[in-house]
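Observations on chain architecture
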Amino acid sequence: MAKSLLFPEFKVVRDENRCIACQVCVRQCANDVHIYDEEDDQVYSQEETCVGCQRCVTLCPTRALEVTKKEAGMRPNANWSINHLRNLYKQAETGGVLLTGMGCSEDYPIYWDHLLLNASQVTNPSIDPLREPIEIKTFLGRKEEFLDTDWEEEPPVLKTQLAPQLELSVPIMFSAMSYGSISYNAFRSLAEAAQEIGTFCNSGEGGLHPDFYLFGGNIIVQVASGRFGVHPGYLRAAAAVEIKIGQGAKPGIGGHLPGEKVSPDVSRTRKIPVGSDAISPAPHHDIYSIEDLERLILAIKEATNYKKPVSVKIAAVHNVAAIASGVVRAGADIVAIDGIRGGTGAAPQVIRDNVGIPIELALAQVDERLRREGIRHRASLVIAGGIRSSSDIIKAIALGADAVYIGTAALVALGCHLCQKCYTGKCNWGIATQDPYLTKRLNPNIGKRRLVALLHAWSAEIKEMLGGMGVNALESLRGNREHLRAVGLSREEREILGVKAAGEGW
Amino acid sequence: MKRIRIHEEYCIGCRLCEINCLVKHSRSGKIIKAFRGEEPRSLPRVRVEEEGYLSFALQCRHCDDAPCLENCPTGAMYRDEETQAVLCDEDKCIGCWMCIMSCPLGVIQRERKTKKVASKCDLCRGEEIPVCVKNCPNEALAYE
Amino acid sequence: MSDIKTRYLLVGFSVAGWWCARAIRERDRNGKIVALTKENGVYSPPLITYYLGNKVSTIDYRSGWMENLDLELVPGGEAKKLERENNRLILASGESFVFEKALIATGGLPIVPPIPGREVTGVFTLTTPRDMQEIREFMKFQEGERVTILGGGFIGLKTAEAFMELGVKITLVELANRLLQNMVDERGSYYLEKALERAGLEVIKEDTVSEFQSREGKLSGALLQSGKYLPGNLAVVAIGVHPNIDWLQGSGIELGRGVIVDEFQESKRAGIFAAGDVAETKNLITGERNVVAVWPEAVKQGKIAGENMAGNRLSYPGSLPVNTVSVGEVTLVSAGLVNPPAGDFEFLTTVSDDSYRKLVLKDGYLVGVILVNRIEKAGVYINLIRQKVKVESFKDRLLKEDFGMINLPAEYRKHLVEGASIEV
């Protein structure tokens, strides 16, 4: 058999002075990296299969383990990077499309890190969030152009019928991650946390497990090209419905849940046979135009008695502003835009790392375009794709977003170490797997607690930043790009972002 | 009384409870020494049982009508007034194994070397939270 | 002498008596309890052999709860007669007690068959502290180079275990073809015999003592039925015990091998209960009446008698012979029906150099178990027998290397594990 030219990505360093051969690492590694030799009463490691998930390192009771990036011994070459070589070897051996998980990990500019926030000094007092209320509650849905009020009545009566809204106690929601791509316990953690906090999680395109109907008031359900698990009860159970057109990690292509992850429970939820691959087509085969999209939006509104906002999720691509304008005109109440760093459970690596545009630029352009066309109020803007911190969120709001979706950040809170192997179904952290031996590792009570803690922490930070700017409601910051300044960006980038350079005054 | 509750659906079979229990009941109380320096190695008083995907850590339940206590011919097994834990006074124990024979859960161990002293969960005498509970990374054990 | 009046009278104060007293006290804080014991004080019978073998420094049962029973203990109080018409009991000393409720817990007396020469100095039994003291005294003045133990049952082995610690040469004589006739089968006995041999002890099976020979009134040796002669000046007759019931003749209490009781541990005379080695109860498995003289059953019977004497109405599910023995490096546990009669029984066994496990099943239920070494899960098996848990569905796992609670049906397991209290 031809020798594989692949080389280990990680190095497992075991401090023999500390190792007590307790075998915790052996039991915790789903990739069989650690092996116990009973005769020698010693644990050995074979690093070929190590994915660098750090599970063993975290659980080792004596801290005897260290897993580090293995330096490949080849002569450094700026053009032929180690990653390129590895992919070449792999494809020469397999002849296949390389899969990966999570979001784009290439070194493209991250605009959040080039945007700085303003603060109050002397002429406009800042606000102390511990002493004064700061409102970060957010409503998602179509806003009215005029409010017709009958002032003759006592008290006055609002005559305009308001469009259905989602009420968020924080401007943060959990992105679409299907039960199937993530485990029952992971989904449960998200749903329980969303309920506790007063926000929403998203079912993804995997249908809704019967246990989660209980959390329907805090779940946005997705209707995607595969239509998995979609039925009237599913739409009725949810707080809102999202039509998924695209995903930041894989714009233009469909979804693929490997059969390994289609457990009996997942099969019931998706209404597909156990062990069969769940393939979502690249396009919706009933949507080839904005008009087709409008028909689906209307059909969903009809099916839900016009009681629920309908969201449309698209990936940030070159013409995103025009597309978003069409989506709003098609009747979407919420437009969700997923940038190039958006995560996935499985995508071709070449797509993930090369297709789409950064969300910051897409957001600025979409907000700008909708305003210019006078239709910004007709839909809320939710952005997704690589939101890492409360400062990313507040910058997004200032750039024009109504709220953000977080996916990767939520999974990291649950224990994800970004090994990017979600597609293998062997997640050692019990998140992106359906293996009952692994799913137990995520206790949803702990998961919920950690997610709630994260959102509490970010809320507090958002309030601190708002207070510093002298703004007492998030609503007042929304789309106010005067609160942002750019550093280290070209004039063109600043223009696209609509942000002045740091140092420029009003 | 406070008892250790088992949530088997979250037991990940890592056996950190066993490891920490062993260390707690070792002579040095230090993990590396307890494993590599102490001969004989002390015994964990909690045991993880596994079958297929199911696993759980089991230790003495400190039963209200503890049969091990009732059947101990020396009075070595006793109930601690303060914590209500069923403890074994190792000085009185004669290694007759009546307790092992009586325990419906099979959670009493014979000490490897001395073959005299029954080793069983003592709720980590004096600890606010037993070490198996404290060190369970997935909260599959709770002390409540 | 005038009568001493009491609400509760415990005739005999050993295991069954203690737990009876405790059960009474849990229901009746104030009712007067008088406990009679023919010994000098309270002691734990199993410790006698351990004490002889210098493995313990006291035979006292040292547990805190005993101190809080608030009862009147009458040491040296040997019962002589129970009046037929009245609730009056008369002691050998002449003292008399009038009671409302009584527990008969007078235990057992050693069986000594009519072997010629059994009365000579040097032939002992070993069931009481007095026996033990006598043997100790005797050994001080004799070169106890050789001891013959008659009986390879539980008491015989316990006796052998004690002498092994004293460094004397021991010969164990057993009439049957195996040791622990009631507790193990031949294979189980094999491990024991090997362990005994390794410890330097001689085992003679299918033989018995036909005569204790003496010189000047002192034992000189034991002549066996086979003609074999075992020289030595110390012999212990350890064949077994029989219930101590002779004093109850004429009391109106129905006697069989022991005091016959119903499921409430009550004898034919209302208000008079019996428990422990003196009581004849129904066997949990066979339903036959017999005397099961083991500690755990004495505790259970004592507790139930106590509860019922104090006004409750609990019933005893039936007796289960259970016991454990350690000799040398071999530890053995036996419970239930291990040598069943011919019939529809299923046997599961595993055999290795140093361990043996045998399970006896009937109609899908576990009815008996023998474990030689690796006894840690003994209680799990025994509880399956006691609780009459159907094991048919998981019997293939019963003898797995790592058998444990996890192999049991989830409901039963959770009842045991999650339940705050365990009823066994």
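One can find the structure itself at the top, above this paragraph.
This text gives an overview of the structure that appears in the document. (Residues numbered from 1 in each chain as written. Chains lettered and ligands numbered in written order. Predicted model: local features only at pLDDT ≥ 70, side-chain atom pairs only at ≥ 80, totals over all residues. Heavy atoms only, no water.)

**Let's talk about the nonpolar core**
The biggest cluster of nonpolar side chains holds 140 residues, and the ones touching the most others in it are C:Leu10, C:Phe163 and C:Leu384. Residue contributions to this core peak at seven residues, all from helix α1 (residues 15–27) of chain C. Once residues lying within four places of it in the same chain are set aside, the contact partners of C:Leu384 are C:Leu366, C:Val389, C:Val391, C:Phe394, C:Leu398, C:Phe403, C:Leu408 and C:Tyr412. Counting residues in each nonpolar core, the second largest holds 109 residues, with A:Met102, A:Ile127, A:Ile297 and A:Leu454 among its members. (Core = buried A, V, L, I, M, F, W, Y, C linked by side-chain atoms within 4.5 Å. Buried < 20%, exposed > 50% of the residue type's maximum accessible area, 1.4 Å probe, protein only. Helix = DSSP H or I, 4+ residues; strand = E, 2+ residues; numbered from the N terminus. Contact = heavy atoms within 4.5 Å.)

**Describing the pairing of strand β23 (residues 345–351) of chain C**
Residue and element names in this part refer to chain C. Where β23 lies against strand β24 (residues 356–362), seven bridges are found, and the strand directions are antiparallel. When the sheet's bridge partners are listed, Phe345 is paired in β24 with Lys362. Counted along the chain from β23 to the antiparallel partner β24, the turn is four residues long. (Pairing = 2+ DSSP bridges.)

**Topic: the interface of chain A and chain B**
With 26 residues of chain A at the interface, the matching set in chain B holds 22 residues. Both faces combined, the contact of chain A with chain B buries some 1,900 Å², and carbon together with sulfur accounts for 56% of it. Taken together, the connections running from chain A to chain B amount to one salt bridge. Close ionic contact of B:Glu139 with A:Arg449 constitutes a salt bridge, the shortest N to O distance being 2.6 Å. Summed over the shared surface of chain A and chain B, the number is nine residue pairs in polar contact (both at pLDDT 80 or more). Secondary structure elements with two or more residues in the side of chain A that touches chain B: α1 (24–28), α2 (55–59), α13 (436–439) and α14 (444–469) of chain A. Ranked by the residues each element gives to the side of chain A that touches chain B, the list is headed by α14(A), at four residues. Here the residues of the side of chain A that touches chain B sort into 11 nonpolar, six polar and nine charged. (Buried area = accessible area lost by both parts, 1.4 Å probe. Salt bridge = Lys/Arg side-chain N within 4 Å of Asp/Glu carboxyl O. Polar contact = N/O pair within 3.5 Å; in protein donor to acceptor, adjacent residues only side chain to side chain. Nonpolar A, V, L, I, M, F, W, Y, C, P; charged D, E, K, R; others polar.)

**What to know about unusual backbone geometry**
Across the junction of A:Glu154 and A:Pro155, the peptide omega takes the value 0 degrees, indicating a cis bond. Secondary-structure assignment places A:Pro155 in the loop between β8 (149–150) and β9 (157–158). The amide bond that connects B:Glu39 to the next residue, B:Pro40, takes the cis arrangement and shows omega of -5 degrees. Mapped onto the secondary structure, B:Pro40 falls in the loop between α2 (31–36) and β2 (47–51). Its identity is not glycine, yet A:Asp32 carries a phi of approximately 55 degrees, on the positive side. Assignment of secondary structure puts A:Asp32 in the loop between α1 and β2 (34–37). Positive phi is not limited to glycine here, since A:Met102 has a value of about 65 degrees. Assignment of secondary structure puts A:Met102 in the loop between β5 (99–100) and β6 (115–117).

**Topic: the interface of chain B and chain C**
Contacts between the two partners involve 42 residues from chain B, matched on the other side by 49 residues from chain C. Where chain B abuts chain C, roughly 3,700 Å² becomes buried across the two surfaces, and 54% of that area is made up of carbon and sulfur atoms. Inspection of the region where chain B meets chain C yields seven salt bridges. Two residues, C:Arg397 and B:Glu51, come together in a salt bridge whose shortest N-O distance is 3.2 Å. Inspection of the chain B/chain C interface yields 15 residue pairs in polar contact (both at pLDDT 80 or more). Looking at the side of chain B that touches chain C, the elements that each hand over two or more residues are β1 (4–6), β2, β3 (54–58), α3 (67–70), α4 (98–102) and β6 (109–110) of chain B. For the side of chain B that touches chain C, the class distribution of residues is 20 nonpolar, eight polar and 14 charged.

**Examining the packing of aromatic side chains**
Summed over the entire model, instances satisfying the criterion amount to 14 aromatic pairs over all chains. Taken together, the aromatic side chains of A:Tyr179, A:Tyr184, A:Phe187, A:Phe212 and A:Phe215 make up a single cluster linked through ring pairs. A cation over a ring is seen here: A:Lys69 above A:Phe10, with NZ or CZ 5.2 Å from the ring centre. Its end group placed over the ring of C:Phe345, C:Lys362 keeps NZ or CZ at 5.2 Å from the ring centre. (Phe/Tyr/Trp six-rings, centres within 6.5 Å; stacked < 30°, edge-to-face > 60°. Lys NZ or Arg CZ within 6 Å of the ring centre and 35° of its normal.)

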